[in-house]
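# Remarks on the overall topology
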Amino acid sequence: MADSKHPFDVLVAGGGNAGLCAAITARRAGARVLVLESAIKDFRGGNSRHTRDIRYLHRGATEYVTDAYEEEEFWQDLRGVTGGATNERLARLVIRESETLGDWMAANGVRWQKPLRGTLHLTRSNLFMLGGGKAMMNAYYDTAAKLGVEIHYETEVQELNVRDGEFVSALALRDGTARTVEARTIVVAAGGFEANISWLKEYWGEAAENFIIRGTKNNQGVLLKELLKHGARPEGDPRGCHAVALDARAPKFDGGIVTRLDSVPFGIVVNKAVKRFYDEGEDFWPKRYAIWGKLIAEQPEQIAYSIVDADALPRFMPSVFPPVAAGSIAELATAMDINPPALVAVVDEFNHSVRAGKFDPGILDDCHTEGLTPPKSHWAKSIDTPPYYGYPLRPGITFTYLGVTVNEQARVIMQDDKPAKNIFAAGEMMAGNILGRGYLAGFGLTIGSVFGRIAGREAARHGGF
Ligand SMILES: Cc1cc2nc3c(=O)[nH]c(=O)nc-3n(C[C@H](O)[C@H](O)[C@H](O)COP(=O)(O)OP(=O)(O)OC[C@H]3O[C@@H](n4cnc5c(N)ncnc54)[C@H](O)[C@@H]3O)c2cc1C
């Protein structure tokens with residue numbers, strides 16, 4: 001259905017997972033598709049290029065997953081981590097539609113591998129991409145290019161021209177020149193605003209200066225702001241973010257997966273005042289790792305220290321930066337620039353409170369503390385085997401939750417409750433509809449892939465395809 005007024009049927013703003021899923025789907029439906037991506041080609045794929053695995057519904061074991069993971073369990077897992085802060089209709093839509101993702105992704109060039117070993121308990125529920133998110137994004141870009149999707153890198157969409165809830169055109173900056181881009185519909189898939197420190201400061205104050213952003217510096221929230229300015233209904237807690245315990249020595253942006261530390265459940269964590277502040281063994285790490293960034297963000301100077309011993313070191317994924325090592329707890333404290341007598345006292349108190357059980361990282365075991373505040377509920381083992389190791393931790397922001405409200409067609413809902421005529425959103429832009437709080441490992445990609453495909457399909461349909 002060519003339209004001479006518009007050179008493109010679908011403009012996709014943002015070339016991460018959600019954007020490419022939308023672009024490929026719209027193109028396969030017959031639409032003329034343009035993707036505008038602000039990064040240089042080598043850094044295309046936004047935060048999606050840092051991913052490793054995707055959660056999806058399946059009804060039995062395959063070569064790559066060990067058993068079934070069906071709708072009700074998926075839904076209960078999601079309900080558990082969000083504490084009910086989710087739109088059940090949209091959440092179940094994502095869960096159901098995720099069943100076809102494994103085949104769809106493979107048909108678009110993604111290859112799988114057996115689950116990685118480590119502390120994350122994902123062998124049953126998640127598919128791991130061979131080569132990780134970088135290979136996945138390369139496959140999608142290749143597929144899109146072969147299908148005839150036009151892709152412009154180093155092109156930032158800066159403004160949207162929206163009239164009465166209808167997208168008219170976008171203003172995009174390329175090679176220092178601003179150009180107006182017209183299309184019949186737009187899919188906004190430009191991620192969250194996690195890389196915009198001044199925006200984060202509006203909710204976190206000066207503490208945000210100490211945050212480390214795990215992904216692309218390009219996710220500045222420019223288009224989220226634009227959509228909100230044009231009357232899109234916000235969704236999600238502006239302060240809400242997926243934030244993990246990150247090695248404090250990580251680069252400010254784009255350090256990716258390797259700077260995350262999974263040592264927490266195998267030792268104790270203290271803050272700058274050398275106080276423990278949360279149960280390190282509350283639940284399985286995949287269900288808890290995403291709360292630790294926020295916990296650290298609430299500590300003095302937004303720094304904490306993970307302390308483990310030689311017995312614990314082989315139990316978690318090796319760190320990219322070597323741990324600080326010492327022959328005694330006091331020496332470790334000195335090396336980490338925290339108060340040595342205080343750390344010795346905290347470790348002693350912890351060791352005395354440990355009630356030995358049958359240690360098993362694969363289950364919620366019975367190794368716990370007694371009479372300790374806060375408690376350590378599982379995997380509590382005395383820290384008494386030298387050498388001792390420590391990691392400085394900072395809040396590592398993965399993505400923000402604030403986004404725009406969407407309906408089942410991925411259409412953006414405006415303040416007057418009416419769906420926008422031709423504006424669709426996918427990925428982190430709208431994930432807050434489904435993940436109001438907490439996180440399930442591998443679910444960011446699930447939301448982006450399902451809603452990316454829906455947005456692509458509906459945008460093409462709006463254009464008459
Ligand atoms: C280190 C790390 C590991 C992760 N691991 C996993 C995992 O294993 N599994 C999982 O499910 N999730 C994981 N996530 C979360 C996952 O990355 C996101 O949920 C998902 O990639 C979001 O996809 P998206 O397309 O919405 O955003 P992105 O992939 O970030 O894409 C947004 C794109 O928009 C571009 N952009 C931004 N603003 C503009 C603009 N104004 N104009 C043009 N382009 C713009 C950006 O350059 C970027 O390429 C991880 C995240 C990080 C940071």
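As shown above, the structure is provided for reference.
Just so we're clear, the structure is a prediction, and the values are computed from it rather than from any experiment. (Residues numbered from 1 in each chain as written. Predicted model: local features only at pLDDT ≥ 70, side-chain atom pairs only at ≥ 80, totals over all residues. Heavy atoms only, no water.)

## Focus: the overall build of the protein chain
- On a plain count of helices and strands, the protein chain comes out with 12 helices and 21 strands.
- Overall, the C-alpha framework of the protein chain stretches about 75 × 50 × 40 Å when taken along its three principal axes.
- Across the 465 residues that make up the protein chain, the buried fraction comes to 58%.
- Residue pairs at least 24 apart in sequence account for 73% of intrachain contacts in the protein chain once pairs closer than 6 positions are excluded.
- As displayed, the protein chain offers around 17,900 Å² of accessible surface, 50% of which is attributable to carbon and sulfur atoms.
- Across the protein chain, the mean location of the 53 positive side-chain charges is 4 Å away from that of the 57 negative side-chain charges. (Helix = DSSP H or I, 4+ residues; strand = E, 2+ residues; numbered from the N terminus. Buried < 20%, exposed > 50% of the residue type's maximum accessible area, 1.4 Å probe, protein only. Contact = heavy atoms within 4.5 Å. Areas by Shrake-Rupley, 256 points an atom, 1.4 Å probe, with all protein chains shown as cover. Lys, Arg positive; Asp, Glu negative; His and termini not counted. Charge placed at Lys NZ, Arg CZ, Asp CG, Glu CD.)

## Structural notes on the pairing of strand 21 (residues 419-425)
- Burial of strand 21 is extensive: 5 of the 7 residues sit out of reach of the surface.
- One ladder, built from 3 bridges, connects strand 9 (residues 177-188) with strand 21; its direction is parallel. Across the sheet, Val 188 pairs through a bridge with Ala 425, a residue of strand 21.
- As judged from the 2 bridges shared by strand 20 (residues 411-413) and strand 21, these two strands associate in the antiparallel manner. Within strand 21, the position partnered with Ile 413 by the bridge is Pro 419. (Pairing = 2+ DSSP bridges.)

## So, the side chain of Asp 77
- Assignment of secondary structure puts Asp 77 in helix 2 (residues 71-82).
- Residues within four places of Asp 77 in sequence aside, it is in contact with Arg 55, Tyr 69, Lys 287 and Leu 440.

## Observations concerning the sheet that holds strand 3 (residues 53-55)
- Pairing is antiparallel across the open sheet formed by 3 strands, whose spatial order is 3-5-4. Two strands close off the open sheet at either side, each with one partner strand: strand 3 and strand 4 (112-113).
- Sheet topology note: the strand 3/strand 5 (residues 126-129) ladder contains 3 bridges and is antiparallel. Note on strand 5: the bridge partner recorded for Ile 54 is Leu 127.

## Regarding the pairing of strand 7 (residues 155-163)
- Judged from the 8 bridges that link them, strand 7 and strand 8 (residues 166-174) form a sheet pairing that is antiparallel. From the neighbouring strand, Glu 159 faces strand 8, where its bridge partner is Leu 171.
- The loop that links strand 7 with its antiparallel partner strand 8 comprises 2 residues; one of these, Asp 164, has a positive phi angle of about 50°.

## Focus: helix 11 (residues 340-353)
- Its 14 residues give helix 11 an end-to-end C-alpha distance of 20 Å, which sits within 8% of 20 Å, the value for a rise of 1.5 Å per residue.
- Of all the residues in helix 11, the buried ones are Leu 343, Val 346, Val 347, Phe 350, Asn 351 and Ser 353. Along the axis of helix 11, the buried positions cluster into a sector of 165°, meaning they face one direction only. Turned more than 90 degrees away from the buried face of helix 11 sit Pro 341 and His 352, all of them exposed.
- For helix 11, the N-terminal cap is Asn 339; the gap from its side-chain oxygen to the backbone nitrogen of Ala 342 is 3.0 Å. (Expected span 1.5 Å × (residues − 1). Arc of directions from axis to C-beta. Polar contact = N/O pair within 3.5 Å; in protein donor to acceptor, adjacent residues only side chain to side chain.)

## Here we look at the packing of helix 1 (residues 17-28) against helix 5 (residues 132-147)
- Contact pair helix 1 / helix 5: the axes reach a minimum separation of 10 Å and the direction vectors enclose 25°. One way to sum up the angle between helix 1 and helix 5 is to call them roughly parallel. As helix 1 runs across helix 5, the sense of the crossing is left-handed. Across the interface between the two elements, Asn 17, Leu 20, Cys 21, Ile 24, Arg 27 and Arg 28 of helix 1 pack against Met 136, Met 137, Tyr 140, Tyr 141, Thr 143, Ala 144 and Leu 147 of helix 5.
- Residue composition of the contact of helix 1 with helix 5, by class: 9 nonpolar, 2 polar and 2 charged. (Axes fitted to C-alpha atoms, helices over the stretch in contact; angles between N-to-C directions. Parallel < 35°, antiparallel > 145°, perpendicular 65-115°, else oblique. Left-handed = near helix turned anticlockwise from the far one by under 90°. Nonpolar A, V, L, I, M, F, W, Y, C, P; charged D, E, K, R; others polar.)

## Considering the pattern of salt bridges
- Under the defined criterion, the tally for this structure stands at 26 salt bridges.
- Across the pair Arg 59 and Glu 70 runs a salt bridge whose closest N-O atoms are separated by 3.1 Å. In this pair, Arg 59 sits in the loop between strand 3 and helix 2 while Glu 70 sits in the loop between strand 3 and helix 2, placing the two residues 11 residues apart along the sequence.
- For Glu 70, a relative accessible area of 34% translates into the label partly exposed.
- The closest approach of N and O atoms between Glu 72 and Arg 92, which form a salt bridge, is 3.2 Å. Residue Glu 72 is located in helix 2, and its partner Arg 92 is located in helix 3 (residues 88-97); the two are separated by 20 residues in the primary sequence. (Salt bridge = Lys/Arg side-chain N within 4 Å of Asp/Glu carboxyl O.)

## Quick look at the packing of aromatic side chains
- The tally for this structure, following the rule as stated, stands at 15 aromatic pairs.
- Relative to Tyr 153, the ring of Tyr 141 lies with its centre 5.8 Å away and its plane at 40°, an arrangement referred to as tilted. Taken as a pair, Tyr 141 in helix 5 and Tyr 153 in the loop between strand 6 (150-152) and strand 7 lie far apart in primary sequence, 12 residues in all. The residues Tyr 141 and Tyr 153 share a single accessibility class, namely buried.
- When the centroid spacing of 5.9 Å and the interplanar angle of 40° are considered together, the rings of Phe 284 and Trp 379 count as tilted. (Phe/Tyr/Trp six-rings, centres within 6.5 Å; stacked < 30°, edge-to-face > 60°.)

## Regarding the site of the ligand
- Around the ligand, the structure places 38 residues, and the nearest of them are Glu 37, Ser 48, Asp 53, Glu 428 and Leu 445.
- Asp 53 is positioned such that a nitrogen or oxygen atom in its backbone is 2.7 Å from a nitrogen atom of the ligand.
- Listing elements by their share of the shell around the ligand, those giving two or more residues are helix 1, strand 7, strand 18 (388-400) and helix 12 (443-462).
- The residue makeup of the shell around the ligand, split by class, is 11 nonpolar, 21 polar and 6 charged. (Near = heavy atom within 4 Å.)

## Considering the side chain of Asn 271
- Along the polypeptide, Asn 271 turns up in strand 13 (residues 268-271).
- Polar contacts involving the side chain of Asn 271 include one to the side chain of Gln 299, which spans 3.0 Å.
- Every residue in contact with Asn 271, bar those within four places of it in the chain, is listed here: Phe 277, Gln 299, Pro 300, Ile 303, Ala 304 and Tyr 305.

Just distances and angles here, no functional claims.
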